[in-house]
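Observations on the model geometry
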Amino acid sequence: MKTLSLKGDAMKDMTRRDALWMTAGLLAVAVVPLPVDAADTAMEEIRQFTGGSEAAESGKISLEMPEIAENGNTVPLTVSVDSPMSGDDYVKRVMVLADANPRPGVATFHFSPKSGVAEASTRMRLARTQNVIAVAEMSDGSFHMAKATVKVTIGGCGG
Amino acid sequence: MAKSKPRVKAPKAAGKGEVITIKTLISHKMESGQRKDKQGNLIPRQIIHNFTAKFNGETVFSVDIEPAISANPYLQFKMRADEPGEFEFIWEDDDGSVYSKKQKLSVT
Amino acid sequence: MVMRTKIALLSAAAAGLVMSGYAFALPEGVDTVQVTATAKDHPLGELYSGWHFRTPETQALQQDDFENPGFLWVEQGAELWETVDGSEQKSCASCHEDAADSMATTGAQMPKWNEALGKPVNLEQQINMCRSERMGAKPWKWESSELLSMTSFVRNQSRGTPVEVQIDGPMTPWFEKGKDLYNTRVGQLDLACVNCHQNYYGQSIRADRLSQGQSNGFPTYRLKWQKIGSLHRRFKGCMDQVRAEPYKVGSDEFLALELYVNWRGQGLPVEAPAVRQ
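Further remarks concern the interface of chain C and chain A. In this complex, chain C contributes 18 residues to the contact, which on the side of chain A involves 16 residues. Put simply, chain C and chain A have seven residue pairs in polar contact (both at pLDDT 80 or more) between them. When residues of the side of chain C that touches chain A are assigned to their parent elements, the largest contribution, three residues, is made by helix 2 (residues 56–61) of chain C. The residue inventory of the side of chain C that touches chain A, partitioned by class, reads six nonpolar, five polar and seven charged.

Further remarks concern the nonpolar core. By size, the foremost hydrophobic cluster in this structure holds 58 residues, and its most contacted members are Phe109 of chain A together with Phe51 and Phe61 of chain B. Sequence-distant contacts of phenylalanine 109 of chain A, defined by excluding residues within four places in its chain, comprise Val79, Lys92, Arg93, Val94, Val96, Ala120 and Thr122 of chain A together with Phe61, Ser62, Val63 and Leu75 of chain B. Counting residues in each nonpolar core, the second largest holds 23 residues, with Trp225, Val242, Leu257 and Leu259 of chain C among its members.

On to unusual backbone geometry, then. Note: most peptide bonds trans; most residues except glycine with negative phi. Residue and element names in this part refer to chain C. In this model, methionine 110 is joined to proline 111 through a cis peptide bond whose omega is -5°. As for its placement among the helices and strands, proline 111 is situated in the loop between helix 6 (106–109) and strand 3 (112–114). The omega torsion across phenylalanine 218 and proline 219 is -5°, close enough to zero to call that bond cis. Looking at the secondary structure, you find proline 219 in the loop between strand 6 (208–209) and strand 7 (220–222).

Bringing the sheet that holds strand 6 (residues 74–80) of chain B into the picture now. Here six strands make up an open sheet; going across it, the order is 2(A)-4(A)-7(A)-6(B)-3(B)-1(B) and the pairing antiparallel. Of all the strands in the sheet, just strand 2 (61–64) of chain A together with strand 1 (6–9) of chain B have a single pairing partner and so form its edges. Neighbour to neighbour, the strand axes of the sheet diverge by 15° on average, direction disregarded. Of the strand pairs in this sheet, strand 3 (residues 19–26) of chain B and strand 6 of chain B are connected by seven bridges, and their pairing is antiparallel. Following the sheet pairing, leucine 25 of chain B is matched in strand 6 of chain B by tyrosine 74 of chain B.

Each pair of packed helices gets described by two things: the angle between the helix axes and the distance between those axes. Residue and element names in this part refer to chain C. Interaxial distance between helix 11 (residues 231–241) and helix 12 (residues 252–264) falls to 10 Å at its minimum, and their mutual angle equals 100°. On the basis of their axis angle, the class for helix 11 and helix 12 is roughly perpendicular. Contacts from Leu231, His232, Phe235, Lys236 and Met239 in helix 11 reach Phe254, Leu255, Leu257, Glu258, Val261 and Asn262 in helix 12. Tallied by class, the residues present in the contact of helix 11 with helix 12 amount to seven nonpolar, two polar and two charged.

Attention now goes to the environment of glutamate 46 of chain C. Residues and elements named next belong to chain C. Tracing the backbone shows glutamate 46 in strand 2 (residues 46–48). The residues contacting glutamate 46, other than those within four sequence positions of it, are Gln34, Val35, Thr36, Tyr201 and Gln212. Among the polar contacts listed, one links the side chain of glutamate 46 to the side chain of glutamine 34, at a separation of 3.0 Å. For glutamate 46, the side chain forms a polar contact with the side chain of threonine 36, separated by 2.6 Å.

Under the criterion given, the structure shown has 20 aromatic pairs over all chains. Their ring planes at 70° and their centres at 6.1 Å tell us that phenylalanine 49 of chain A and phenylalanine 143 of chain A sit as a pair that is edge-to-face. Of this pair, phenylalanine 49 of chain A sits in helix 3 (residues 38–50) while phenylalanine 143 of chain A sits in strand 9 (residues 143–152); the two residues are 94 residues apart in sequence, bridging distant segments of the chain. Residue classification places phenylalanine 143 of chain A among the buried positions, given a relative accessible area of 7%. The rings of Phe109 and Phe111 of chain A together with Phe51, Phe55, Phe61, Phe77, Phe87, Phe89 and Trp91 of chain B are connected pair by pair, giving a single aromatic cluster. Arginine 131 of chain C extends its terminal NZ or CZ atom over the ring of tryptophan 140 of chain C, reaching a point 3.8 Å from the ring centre. Positioned over the ring face of tryptophan 225 of chain C is arginine 222 of chain C, at 5.0 Å from the centre of the ring.

In this section: the interface of chain A and chain B. One frequent convention defines the size of an interface as the accessible area lost when the parts assemble. Listed per partner, the contact involves 27 residues of chain A and 31 residues of chain B. Summing both partners gives a buried area of about 2,300 Å² for chain A against chain B, and 46% of it is carried by carbon and sulfur. Considering only the surface of chain A that becomes buried against chain B, Lys114, Arg123 and Arg125 of chain A emerge as the three largest contributors, covering 33% of it. Remark: the boundary between chain A and chain B carries two salt bridges.

We now examine the domain arrangement of chain C. All names here are of chain C. We note that the domain assignment places domain 1 (2–70 + 166–276) and domain 2 (71–157) within chain C. The partner domain 2 presents 23 residues to the 29 residues of domain 1 that form the contact. For the pair domain 1 and domain 2, the summed buried surface comes to about 2,200 Å²; carbon and sulfur atoms form 63% of the total. At the boundary of domain 1 and domain 2, one finds one salt bridge. Here domain 1 and domain 2 share 15 residue pairs in polar contact (both at pLDDT 80 or more) between them. Sorting the residues of the side of domain 1 that touches domain 2 by element identifies strand 8 (227–229), helix 11 and helix 12 as the ones contributing at least two each. Residue contributions to the side of domain 1 that touches domain 2 peak at five residues, all from helix 12. Here the side of domain 1 that touches domain 2 is composed, by residue class, of 14 nonpolar, 10 polar and five charged.

Another aspect to go through is the pattern of salt bridges. The final tally for this structure, using the stated rule, is 19 salt bridges over all chains. Ionic pairing is found between arginine 103 of chain A and glutamate 66 of chain B, a salt bridge with its closest N-O pair at 3.5 Å. One end of the pair, arginine 103 of chain A, is in the loop between strand 5 (91–98) and strand 6 (105–110); the other, glutamate 66 of chain B, is in the loop between strand 5 (58–65) and strand 6, on a second chain. Residue classification places arginine 103 of chain A among the partly exposed positions, given a relative accessible area of 41%. Of the charged contacts in the structure, one is a salt bridge between lysine 9 of chain B and aspartate 64 of chain C, with a shortest N-O distance of 3.7 Å. Residue lysine 9 of chain B is found in strand 1, and its partner aspartate 64 of chain C is found in the loop between helix 2 and helix 3 (71–81); the two belong to separate chains.

For the rest of this paragraph, the subject is a negative patch on the surface. A cluster of acidic residues, Glu82, Glu97, Asp98 and Asp101 of chain C, forms a negative patch at the surface. By relative accessible area, which is 46% here, aspartate 98 of chain C ends up partly exposed.

Parameters and conventions
Residues numbered from 1 in each chain as written. Chains lettered and ligands numbered in written order. Predicted model: local features only at pLDDT ≥ 70, side-chain atom pairs only at ≥ 80, totals over all residues. Heavy atoms only, no water. Contact = heavy atoms within 4.5 Å. Polar contact = N/O pair within 3.5 Å; in protein donor to acceptor, adjacent residues only side chain to side chain. Helix = DSSP H or I, 4+ residues; strand = E, 2+ residues; numbered from the N terminus. Nonpolar A, V, L, I, M, F, W, Y, C, P; charged D, E, K, R; others polar. Core = buried A, V, L, I, M, F, W, Y, C linked by side-chain atoms within 4.5 Å. Buried < 20%, exposed > 50% of the residue type's maximum accessible area, 1.4 Å probe, protein only. Pairing = 2+ DSSP bridges. Axes fitted to C-alpha atoms, helices over the stretch in contact; angles between N-to-C directions. Parallel < 35°, antiparallel > 145°, perpendicular 65-115°, else oblique. Phe/Tyr/Trp six-rings, centres within 6.5 Å; stacked < 30°, edge-to-face > 60°. Lys NZ or Arg CZ within 6 Å of the ring centre and 35° of its normal. Buried area = accessible area lost by both parts, 1.4 Å probe. Salt bridge = Lys/Arg side-chain N within 4 Å of Asp/Glu carboxyl O. Domains from an automatic or database assignment. Patch = residues over 30% accessible without salt bridge, like charges linked within 9 Å, V, L, I, M, F, W, Y side chains within 5 Å. Areas by Shrake-Rupley, 256 points an atom, 1.4 Å probe, with all protein chains shown as cover. Lys, Arg positive; Asp, Glu negative; His and termini not counted. Charge placed at Lys NZ, Arg CZ, Asp CG, Glu CD.

In structure tokens, the structure reads:
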């Protein structure tokens, strides 16, 4: 493979064909998205969820997870949001993300004033030690966030 | 397991205004679409991608589910019992299957 | 006075629970996870269910029969129990009726000697013999959804019943063979069962806590498997991990090992379906 250098004499040595291949190469690079850090993908998903609004780590959300998971395949989680859950003041939805999974999305819980209490539990997969992030959208359009770090261990002789 | 089977644990009766807890579990392998088979080919994703709980026809709670939810998905949530009626719990599978279960609730 | 003693005993018991790390009550359906070995040549003093070594979160999954995902298999097994199959048009229930009565101790006493075969049979093998001989139905494959469901259902009927296997008479050579296998180093890592599960239980192996390798919770829902699995599958997994050539599920070797391992847990109540890491 040729080293890409557009400076000095190397440019003169370039044939027409080389230049064509190089352009094609640059185009290919342009259309294939660059690998993005998983944590960045998570941040992007949060931006999409909030529409760019600030999601404050205000203590309004609690995210209950084990500090150490015995196996990443089944990690329990409970998310709850402090809200009166009345007709004009309630939690609309809570998105849960894992920032170092192959894909950060985990689940989005949709609540209603009928929920009475904004709380949901499930069991999730964690590919490795990472942050789990919950973002809540309230009926007044504000957003709140909570984070938990979960260590994922590998058992005995590898299983 | 070959066929998905839902389980639900919800009270049959509640006091008016009481917030009740509903627990659900369904057998499903939740194939993430990230795993490879022995030949190195990607195993296509097949998950339960949505769960909806309705009460008297009205959606009270729902979940958009991603492959990061564990096999045999467990979901627990709350509802305020305002009036008597019937729950309908619905699970939607990537393969088009829909699993559902109904249960009555009396309110005193 | 009597009252005071009782209270003292109770608080001692509570302190014991705290000290041994139980964050919750016992797993549903059993009254203990720890018994004193009764056989005088038993290599262990106190016997602990694998539950004892797990984190509070994993223990919690077995705390409640609804939250325990193993019950998905128990429920399927209950349906299969009533399902007519094979040329004889029979179900399990046609002969054994209510499993709660007829199977109340069966799950705690396998493998049992089978005179006709001249060898012991375990639960999986007994179920398949019933299918082929009594029902005229095709035997189920090992680790198939059907066989796992039926073994989970039948073993669950014996939940709370102390494990008690026969090791005398014709069972003795099988017991001795199982004991040999338990103590024989195998694989590239050159490990025998005894090296970890007897000499180092309770200690860490990387981030994991070694158990005594007790079998009373099988079939077990393992988080790693994300489903329920048989004791023989677990044996195979252990052998794979010490990089040995594993025996086959249902083989005479694993049958002998099952008998010996069950004897090592003699007195521990059956917990099936347990939940483990």
